[in-house]
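Residues per chain, in single letters:
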Amino acid sequence: MKKVIKRWLLRILVFTMVLSCLTVPAGAELVRPEIVNRQTDANAPWPFEENEDLLEIWFPQMINCDAALIHYQDQYILIDCCSKAYAKRLLILLDGLGVTKVDAIYNTHPHHDHLLGFAQVADHVQVGELALGFPADTTKHATEAVAEAEKRGIPVTYFADGDEITIGPAKIKIYMKGDEDWSLNNRSAMMRLVDGDCSILFAADMEKKALDRAVETIPAEELRSDILKHPHHGLTVLTDAFAQAVAPQLSIITNNTRVTDTTYNLRLRKIPYIYTSSGYTHLVTNGESWFVEVVKAEKMQAAQKAFLKDPSNVTQWIPSNP
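## Looking at the side chain of H141
Argument step 1. Tracing the sequence through the fold places H141 in helix α5 (residues 140-151).
Argument step 2. You can call H141 buried: its relative accessible area is 17%.

## Focus: helix α10 (residues 260-268)
Argument step 1. Listed as buried for α10 are T262, T263, N265 and L266. Burial along α10 is one-sided: seen end-on, the buried residues are contained in an arc of 160°. Seen from the buried face of α10, the exposed residues on the opposite side, beyond 90 degrees, are D261, Y264, R267 and L268.
Argument step 2. The inward-facing, buried residues of α10 contact β15 (250-253) and β16 (273-275).
Argument step 3. At the C-terminal side of α10, K270 shows a positive phi close to 60°.

## Quick notes on the confidence of the model for the protein chain
Argument step 1. Residues of the protein chain with pLDDT of at least 70 account for 89%, and the chain-wide mean is 91.
Argument step 2. Counting contacts from residues 2-6, a segment whose pLDDT is below 50, to residues more than four positions away or on other chains yields zero contacts.
Argument step 3. Contacts from residues 8-28, a stretch scored under 50 in pLDDT, to residues over four places away or in other chains number zero contacts.

## Notes on the pairing of strand β4 (residues 75-81)
Argument step 1. When you tally the buried positions in β4, you get six out of seven residues, the bulk of the element.
Argument step 2. As consecutive antiparallel partners, strand β3 (residues 67-72) and β4 are separated by two residues, and within that stretch Q73 has a phi angle of approximately 50°, a positive value.
Argument step 3. Bridging between β4 and strand β6 (residues 104-107) involves three bridges; their strand directions are parallel. For I77, the partnering residue across the bridge sits in β6 and is A104.

## Quick look at the pattern of salt bridges
Argument step 1. A complete count under the given rule lists twelve salt bridges for this structure.
Argument step 2. For E144, the salt bridge identified is with K84, shortest N-O distance 3.2 Å. Of the two residues, E144 sits in helix α5 while K84 sits in the loop between β4 and α2 (87-96), which places them 60 residues apart along the sequence.
Argument step 3. You can call E144 partly exposed: its relative accessible area is 31%.
Argument step 4. You can call K84 partly exposed: its relative accessible area is 46%.
Argument step 5. D123 is paired through a salt bridge with R152; the nearest N and O atoms lie 2.8 Å apart. Of this pair, D123 sits in helix α4 (residues 118-124) while R152 sits in the loop between α5 and β9 (156-158), placing them 29 residues apart in sequence.
Argument step 6. Classification of D123 by relative accessible area gives exposed; the value is 57%.
Argument step 7. Here the residues in one salt-bridge network are D123, E148, K151 and R152, joined through shared partners.

Parameters at a glance
- Residues numbered from 1 in each chain as written.
- Predicted model: local features only at pLDDT ≥ 70, side-chain atom pairs only at ≥ 80, totals over all residues.
- Heavy atoms only, no water.
- Helix = DSSP H or I, 4+ residues; strand = E, 2+ residues; numbered from the N terminus.
- Buried < 20%, exposed > 50% of the residue type's maximum accessible area, 1.4 Å probe, protein only.
- Arc of directions from axis to C-beta.
- Contact = heavy atoms within 4.5 Å.
- pLDDT = per-residue confidence, 0-100.
- Pairing = 2+ DSSP bridges.
- Salt bridge = Lys/Arg side-chain N within 4 Å of Asp/Glu carboxyl O.

This is the structure in structure tokens:
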């Protein structure tokens, strides 16, 4: 009897040892890319090597509208192009960076605050294509944008759930999980950019219904993101399930400080946040870590003036120009 017990104890011990070798340590999945944030530490060091290939994301200084410029080497794409009222801020950014061509503009949903800056952008720089996730007749704003594109000879294309966009080393996957009878905000395209180990989730104007559906239908590993472009300009408060799935280390809110419910929620969750009303938000990654800063409006305007005076004079946004 004792021999039998010893034999079973030995088997259990061996099984436990093998299992421990195969099991990922509980804390391993929580190791995240470092975010060097000059908003919280003005003296934070530049984390990248000289001449390293970097991907950049810029948010114009804007309130209650969306636009994000993604840049890698000579490629530029826009996710949304803000409203008519704030298009000028987007043009200041384009000039300040010396951008003369945008390869494509991807519209998450055809509301004026995500789309109607299109004509002003198209008059200012060369646009390769306008990509929509909804039919042109979905809203009057979409109809207007398509007409403006056709007038300028800009191709109009369409994307759908599951499509991918490539920019340099990064992939952007598109998620459109809403039902046809839902509001446009809840059906808007969520986009997740992944560059190496680094990720950012653009949550468009998603509201509670869409957040719940995302958690139900998208694998957890495809939601987890280092940075979150907060849904609906901060008007949507994160649900527990969505916040836990994404687990962002930083939230970008395309609005101003009036969104108190959201900031209260983020503080409870200990998630730092930046309002785009504070300046031109600049994110940089090499696929291993992030650098975050906010460039003051006066500095971007000075860069614009220098570029317009001499197009060869393009400001390089590096630590010597923090």
